[in-house]
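What the coordinates show
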Amino acid sequence: MSTDGSSRGFGRLVREHQSKLRAFLRRLTRGDAALADDLAQETFFEAHQKLAQFRGEGSFASWLFGIAWSRFLMERRKRKEEPLGEILDIVSVDPRPSTQAKLDLERAMARLSAEERAALTLCYALGHSHGEAAEILDMPLGTVKSHVSRGREKLKAMLEP
Amino acid sequence: MSDDLDILLAEPLPEVADDGFSARVVSKIERAAWWRERVTLFAPVAAVAAVLPFLPGDELTQVALKLTPIFAESGAVALAAAALALTLTLERRLSEA
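1. Notes on the overall build of chain A
The number of helices and strands found in chain A is eight helices and zero strands. Across the 161 residues that make up chain A, the buried fraction comes to 36%.

What follows is the structure, given as structure tokens:
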């Protein structure tokens, strides 16, 4: 992994991490791809500026996702969360090929709080441990565990036939 | 349901095609670096230019007029100035390399 800060070396890091980061942000923004991409761009820009601060204690991906999460929180503070109906429309017109179950999951996910969406996505889809998720989200371990468990219970109730 | 839900949740996030995203990020970073370099280079010049009108111009001119012939005639000062210029040029070349 290159952390030399040169734009070419950093370009490699961007190419390596862009897909997961943008997908994570799309889930946080409940399917708003344009907003997610803006946040992803700001995240990489900030990461490049702060590259010297990355001490390699955790993985680069965790550090990057931490920046993305704080960018998302700043954006959320700036604007009130949009009404759920509009966002569900965005999710339902997502052009990605998707099975019905996946679409149902995305719809149900959109009804969770951002903290629950983030914790579930990090711990399940991205395979981070609860401890890593706690670091990324800058939350106590117990809080992350309860977001995961509460979010999962809500999803279960929403997806039950 | 729980098992199904866990399997569904554990599915990797969908691939997002790059479609020029990485190139846009790198280009933004390079643009910012270009501006930062210009600002670093010209900020001291701008600062001096901003302060210049408030300096006692006549007195400075008098001092400069007195010192110029002394510097011009002094071999030691000329050598020191040349050494300083060479050092600064070398340092700049090294930092660019």
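Past the structure itself, the notes keep going.
2. Remarks on the overall build of chain B
From N to C terminus, chain B includes four helices and zero strands. Reading chain B from its N end, one meets helices and strands in the order α-α-α-α. Seen through its principal axes, chain B has C-alpha atoms that stretch 90 × 35 × 25 Å. In chain B, buried positions account for 4% of the 97 residues.

3. Focus: the packing of helix α2 (residues 33-49) of chain A against helix α3 (residues 60-78) of chain A
Residue and element names in this part refer to chain A. The geometry of α2 relative to α3 is characterised by a closest axis approach of 9 Å and an angle of 125° between their N-to-C directions. Taken together, the axis directions place α2 and α3 in an arrangement best described as oblique. Like other packed secondary-structure pairs, α2 and α3 cross with a definite hand, here right-handed. Counted together, Leu39, Ala40, Glu42, Thr43, Glu46 and Ala47 of α2 and Leu64, Ile67, Ala68, Arg71, Phe72 and Glu75 of α3 form the full contact between these two elements. A class-by-class count of the residues in the contact of α2 with α3 yields seven nonpolar, one polar and four charged.

4. Some points on the interface of chain B and chain A
By a frequent convention, interface size equals the accessible area lost on bringing the separate parts together. Listed as interface residues are 21 residues of chain B and, on the opposing side, 28 residues of chain A. Counting only elements with at least two residues in the side of chain B that touches chain A, the list comes to α1 (2-10) and α2 (21-51) of chain B. The element contributing the most residues to the side of chain B that touches chain A is α2(B), with eight residues. Class assignment of the residues belonging to the side of chain B that touches chain A gives a composition of 13 nonpolar, two polar and six charged.

5. Quick word on α2(A)
Given a rise of 1.5 Å per residue, 17 residues ought to cover 24 Å, and the 24 Å separating the end C-alpha atoms of α2(A) matches this to within 8%. Looking at the buried side of α2(A), the elements it contacts are α1 (7-28) and α3 of chain A together with α2 of chain B.

6. Considerations on the nonpolar core
In terms of nonpolar packing, the biggest core is built from 37 residues, with A:Phe24, A:Leu25, A:Ala68, A:Ala119, A:Ala133 and A:Leu137 touching the most fellow members. Listing elements by their share of this core, those giving two or more residues are α1, α2, α3, α6 (114-125), α7 (130-137) and α8 (141-159) of chain A together with α2 of chain B. Per-element accounting of this core gives the leading share, eight residues, to α1(A). If near-sequence neighbours (up to four positions away) are discounted, A:Ala133 is found in contact with A:Ala119, A:Leu122, A:Cys123, A:His128 and A:Val144.

7. Things to note about unusual backbone geometry
Of note, A:Arg30 is a non-glycine position whose phi angle comes to about 55°, a positive value. If you trace the backbone, A:Arg30 turns up in the loop between α1 and α2. The backbone phi angle of B:Asp19 is positive, close to 45°, even though this residue is not glycine. Its location among the elements puts B:Asp19 in the loop between α1 and α2. Taking the C-beta count within 10 Å as the criterion, B:Asp19 has 10 such neighbours and is therefore assigned exposed.

8. Concerning the packing of α7(A) against α8(A)
Residues and elements named next belong to chain A. For the pair α7 and α8, interaxial distance at closest approach is 9 Å and the crossing angle is 105°. With respect to α8, the axis of α7 lies roughly perpendicular. Packed against α7, whose contacting residues are His130, Gly131, Ala133, Ala134 and Leu137, the element α8 presents Leu141, Val144 and Lys145 at the interface. Classifying every residue of the contact of α7 with α8 by side-chain character gives five nonpolar, two polar and one charged.

9. Quick notes on α2(B)
Under the 1.5 Å per step criterion, the end-to-end length of α2(B) is 44 Å for 31 residues, consistent within 8% with the ideal 45 Å. Remark: the principal bend of α2(B), roughly 35°, maps to B:Phe42, with a proline, B:Pro44, within the next four residues. All of the buried residues along α2(B) are B:Phe21, B:Val25 and B:Ile29. Its buried side turned inward, α2(B) meets α1 and α2 of chain A.

10. Concerning the environment of B:Lys66
When you line up the elements, B:Lys66 lands in helix α3 (residues 57-73). B:Lys66 sits 61 residues away from B:Leu5 along the chain, and the two C-alpha atoms are 87 Å apart.

11. Here we look at the confidence of the model for chain B
Residue-level pLDDT values for chain B average 82, and 96% of them are 70 or greater. Two numbers describe this predicted complex: its pTM, 0.72, and its ipTM, 0.77.

Rules used throughout
- Residues numbered from 1 in each chain as written.
- Chains lettered and ligands numbered in written order.
- Predicted model: local features only at pLDDT ≥ 70, side-chain atom pairs only at ≥ 80, totals over all residues.
- Helix = DSSP H or I, 4+ residues; strand = E, 2+ residues; numbered from the N terminus.
- Buried ≥ 20, exposed ≤ 12 C-beta atoms within 10 Å, placed from the backbone.
- Axes fitted to C-alpha atoms, helices over the stretch in contact; angles between N-to-C directions.
- Parallel < 35°, antiparallel > 145°, perpendicular 65-115°, else oblique.
- Left-handed = near helix turned anticlockwise from the far one by under 90°.
- Contact = placed C-beta atoms within 7 Å.
- Nonpolar A, V, L, I, M, F, W, Y, C, P; charged D, E, K, R; others polar.
- Expected span 1.5 Å × (residues − 1).
- Core = buried A, V, L, I, M, F, W, Y, C linked by C-beta atoms within 7 Å.
- Bend = angle between axes of the 7 residues up to and from the residue.
- pLDDT = per-residue confidence, 0-100.

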